[in-house]
Amino acid sequence: MDALDRLAEPGLDLLARVDRLLAAGAPEGHRLWPLLRRMQVLPGAAVREFLDLHPAPLADAGHAVRRLVRGYDEACAMLADPVAWSGPAASAYDEARTALLRHLDEGPESLVGRLESTAGYADALADWVEGSRLALARALADVLRSAEAVTVHTADAAGGDERAGALAAAEIATRVLGVLGVAYDGAETLLRQWAPSLAETTWRERTADVRTINSTMRIG
């Protein structure tokens with residue numbers, strides 16, 4: 001359980017009140033409006049969705065992908081052993097073997113390279129989630145002890161000042177959605193940075209046709 005989990009219950013209670021006060025609309029001209037248009041969600045609903053994001057599953061996925069590399073290493077070790085025969089078929093096999101080794105584990109575009117990039121991306125996402133959850137927890141801690149929180153609680157009760165409540169709710173929503181907006185910008189930046197390394201790898205060199213190798217072996 002991290003700081004965000006510990007603040008979830010009181011934070012969601014406050015934000016539910018904020019959402020109710022904003023249901024009729026934020027104050028005209030308030031700086032919240034650009035955030036609402038961009039995020040298309042009220043702060044309570046946004047935080048509830050974000051609470052489901054945890055870094056541990058992403059970090060575990062990175063570890064699991066890295067474990068797959070060992071299987072490729074074993075396959076490459078077998079392919080690296082020189083053949084004890086010669087002739088046209090051996091030459092064709094050696095050409096195919098060399099190309100396959102290159103495809104499996106030579107450079108960032110190889111299968112192993114893509115696996116390592118995928119694991120790195122999972123690690124980066126885990127770090128992003130951890131950092132974003134911490135930033136959101138700090139924002140919730142700030143708004144929970146703010147004067148606006150008191151105004152929202154009062155306005156949400158029967159007979160409260162709805163106008164003052166709407167303004168206080170808009171201030172709280174601005175702080176929370178602002179933090180989430182920064183977090184989502186970070187996720188988009190990560191995707192742009194890692195996308196080239198996550199593209200599907202392709203066979204980079206045509207090897208001798210298997211039928212040609214078989215035919216050569218029969219002739220030999």
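If you're wondering where the values come from, they're calculated on a predicted model, not measured in any experiment.

Caption draft 1: Representation of a negative patch on the surface within the structure. A surface patch of like charges, here negative, comprises D73, E74, D105 and E116. For D73, the position within the fold is in helix α4 (residues 55-80). Using a relative accessible area of 37% as the deciding quantity, one classes D73 as partly exposed.

Caption draft 2: A look at helix α7 (residues 147-156). Looking only at α7, the buried set comprises A149, V152 and A155. Projected down its long axis, α7 carries its buried residues within an arc of 130°, all on one side. Those residues of α7 that are exposed and angled more than 90 degrees off the buried face are A147 and V150. Buried positions along α7 lie against α1 (3-22), α6 (111-144) and α8 (162-198).

Caption draft 3: Spatial organisation of the packing of α1 against α7. Closest axis-to-axis distance for the α1/α7 pair is 10 Å, and the angle between their directions is 60°. Judged by the angle between their axes, α1 and α7 are oblique. In this structure, α1 crosses over α7, and the sense of that crossing is left-handed. Counted together, D13, L14, R17, V18, R20 and L21 of α1 and A149, V152, H153, A155 and D156 of α7 form the full contact between these two elements. Along the lines of polarity and charge, the residues of the contact of α1 with α7 split into 6 nonpolar, 1 polar and 4 charged.

The rules behind the values
Residues numbered from 1 in each chain as written. Predicted model: local features only at pLDDT ≥ 70, side-chain atom pairs only at ≥ 80, totals over all residues. Heavy atoms only, no water. Patch = residues over 30% accessible without salt bridge, like charges linked within 9 Å, V, L, I, M, F, W, Y side chains within 5 Å. Areas by Shrake-Rupley, 256 points an atom, 1.4 Å probe, with all protein chains shown as cover. Salt bridge = Lys/Arg side-chain N within 4 Å of Asp/Glu carboxyl O. Lys, Arg positive; Asp, Glu negative; His and termini not counted. Charge placed at Lys NZ, Arg CZ, Asp CG, Glu CD. Helix = DSSP H or I, 4+ residues; strand = E, 2+ residues; numbered from the N terminus. Buried < 20%, exposed > 50% of the residue type's maximum accessible area, 1.4 Å probe, protein only. Arc of directions from axis to C-beta. Contact = heavy atoms within 4.5 Å. Axes fitted to C-alpha atoms, helices over the stretch in contact; angles between N-to-C directions. Parallel < 35°, antiparallel > 145°, perpendicular 65-115°, else oblique. Left-handed = near helix turned anticlockwise from the far one by under 90°. Nonpolar A, V, L, I, M, F, W, Y, C, P; charged D, E, K, R; others polar.

Functional significance is not addressed by these values, which are geometric in nature.
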